[in-house]
Amino acid sequence: MNNNFKKIRRNLKNLEIVLEDLEKIKITTNGNSPLEFKHHAVFVHGFKGFKDWGFIPYFSEYCAKKGIYLITFNFSLNGVGEDPYELSEMDKFAKNTFTREVFELNKIIESYGNGFFGETNNTKLTLIGHSRGGAISAFCANNALVENLVLWAAIAKLDRYTDRQKAIWKKVGFIEIENTRTHQMMRLNAALLDDIENNKDSSLSMENALKKLNKPVLIAHGTNDLTVPIEEGEQLYNWTNKDYSKFVKIDKAGHTFDVQHPFTISNDKFNKLLEETYSFITQQ
């Protein structure tokens, strides 16, 4: 571990936003003040993700070295409890919805604008979202405080369930999915399905969100992504204004760009993604 790495780790700052229902958004920033950095960004984790998952702390350190103030956080109902590295609060995970996540990301953006993180010199934010977090980021990207949008392996559609799954979901009131990493059975309540079906053509439509967004968008996707096929990345790009957007294919990379949890080492594919992201943010 080199001295620069140690210095950056010492500058991590932990914060909390307490919501009206007393649930908490737990936040980590890679610096004490936004004024220490030229560029400012928020990273939005995906489904079954969390701010201390795999490549996220490494990306935070990378940003610190590159002059980017990065806000990472856990959605309040993402399932992470006392152990910041594991999903343990399955009752909260079951209650989560897309609309709630959109509300919480907007809360973070609003808090940034109100000085919660410190003085900003009116610098706008880049939203960076992975997988499902890419969709949540897109739904919030029209906020006046947001300058541009970066989508890593983002989903193009929220309704990813078969008719049979949805029929059981509605009848029983929940479905269970397996976390392939931990082999936990993770429950999703019917409120999530209701949220998708009620809003998929309006507030939760990726097509609508991207077609009305006249801001720079970087879409990066691995060609070997089996979780979210690269065709979804191509669809996202087709919905964007080509005067503002860029589509980058990461050759032979999977859904997490071949990085695992717990994090051990980066690789050429993930490094390529970081370079493309840094170039996009700093050239706007």
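Cut-offs used in this document
Residues numbered from 1 in each chain as written. Predicted model: local features only at pLDDT ≥ 70, side-chain atom pairs only at ≥ 80, totals over all residues. Heavy atoms only, no water. Helix = DSSP H or I, 4+ residues; strand = E, 2+ residues; numbered from the N terminus. Expected span 1.5 Å × (residues − 1). Polar contact = N/O pair within 3.5 Å; in protein donor to acceptor, adjacent residues only side chain to side chain. Salt bridge = Lys/Arg side-chain N within 4 Å of Asp/Glu carboxyl O. Buried < 20%, exposed > 50% of the residue type's maximum accessible area, 1.4 Å probe, protein only. Contact = heavy atoms within 4.5 Å. Phe/Tyr/Trp six-rings, centres within 6.5 Å; stacked < 30°, edge-to-face > 60°. Lys NZ or Arg CZ within 6 Å of the ring centre and 35° of its normal. Pairing = 2+ DSSP bridges. Axes fitted to C-alpha atoms, helices over the stretch in contact; angles between N-to-C directions.

## Quick look at helix α10 (residues 268-283)
For α10, with 16 residues, the first-to-last C-alpha span of 22 Å sits near the 22 Å given by 1.5 Å per residue. Backbone nitrogen of K269 and a side-chain oxygen of the N-cap are separated by 2.9 Å at the start of α10; the cap is N267.

## A word on the pattern of salt bridges
Within this structure, the stated rule accounts for 18 salt bridges. As a salt-bridge pair, E176 and R187 come within 3.8 Å of each other at their nearest N and O atoms. Taken as a pair, E176 in strand β7 (residues 174-178) and R187 in strand β8 (residues 185-189) lie far apart in primary sequence, 11 residues in all. With a relative accessible area of 42%, E176 lands in the partly exposed category.

## With respect to the side chain of S245
Within the secondary structure layout, S245 lies in strand β10 (residues 245-250). In this structure the side chain of S245 is engaged in a polar contact, spanning 2.7 Å, whose partner is the side chain of T240. Of note is the side chain of S245, whose polar atom sits 3.1 Å from the backbone oxygen of N241. When residues no more than four places from it in sequence are discounted, the contact partners of S245 are V217, Y237 and T240.

## Side note on the packing of aromatic side chains
Evaluation of the coordinates by the stated rule reveals 18 aromatic pairs. On the numbers, 4.9 Å between centres and 25° between planes, the contact of Y58 with F263 is stacked. A residue pair is termed long-range when its members are at least 10 positions apart, and Y58 in helix α2 (residues 55-66) and F263 in the loop between β10 and α10 qualify at 205 residues. The class for Y58 is partly exposed, based on a relative accessible area of 28%. Ring pairs connect the aromatic residues F43, W53, F55, Y58, F59, Y62, W152, F257, F263 and F270, which therefore count as one cluster. If you follow K66 out to its NZ or CZ, it ends over the ring of Y278, 4.8 Å from the centre.

## Some thoughts on the pairing of strand β2 (residues 24-29)
For strand β1 (residues 13-18) and β2, the ladder comprises six bridges, and the chain directions are antiparallel. The residue bridging L15 from the neighbouring strand is I27, located in β2. In textbook terms, the turn of a hairpin is the stretch between consecutive antiparallel strands, and for β1 and β2 this stretch comprises five residues, one of which, L22, has a positive phi near 75°. In the sheet, β2 pairs with strand β4 (residues 68-74) via four bridges, with the strands oriented antiparallel. Within β4, the residue paired with T29 across the bridge is I71.

## A short note on the sheet that holds strand β3 (residues 39-44)
Neighbouring strands of a sheet are bound in pairs by backbone hydrogen bonds; such pairs are parallel or else antiparallel. The sheet built from eight strands is open, its strands ordered β1-β2-β4-β3-β5-β6-β9-β10 with mixed pairing. Sheet topology places β1 and β10 at the edges, where each strand pairs with a single neighbour. Shown here is a sheet whose adjacent strand axes are inclined to one another by a mean of 20°, direction ignored. Of the strand pairs in this sheet, β3 and strand β5 (residues 125-130) are connected by five bridges, and their pairing is parallel. Considered in β5, the bridge of V44 is made with G129. Packed onto the sheet, helix α9 (residues 230-239) meets β6 (146-152), β9 (217-222) and β10 and runs at close to 170° relative to β10.

## Remarks on the environment of D258
Tracing the sequence through the fold places D258 in the loop between β10 and α10. Here D258 falls in the partly exposed class, since its relative accessible area comes to 33%. Each C-alpha atom of the pair D258 and D268 lies 9.4 Å from the other, and the pair is 10 residues apart in sequence. Of note is the side chain of D258, whose polar atom sits 2.6 Å from the side chain of K269.

## Considering the environment of S245
In this structure S245 comes out as buried when scored by relative accessible area, which is 12%. In this structure, the C-alpha to C-alpha distance between S245 and G115, residues 130 residues apart in sequence, is 30 Å.

## Considering the pairing of β5
Counting buried positions over the six residues of β5 gives six, a clear majority of the element. Across the two faces of β5 the burial is the same, with L125, L127 and G129 and T126, I128 and H130 all buried. Inspection of the sheet shows β5 paired to β6 by six bridges, in the parallel sense. What sits directly across from H130, in β6, is W152.

## A short note on unusual backbone geometry
A cis amide bond links H261 to the next residue, P262, at an omega of 0°. Relative to the helices and strands, P262 is located in the loop between β10 and α10. With a phi close to 55°, F257 is a non-glycine residue in the positive phi region.

Purely spatial values, then, with no claim about function.
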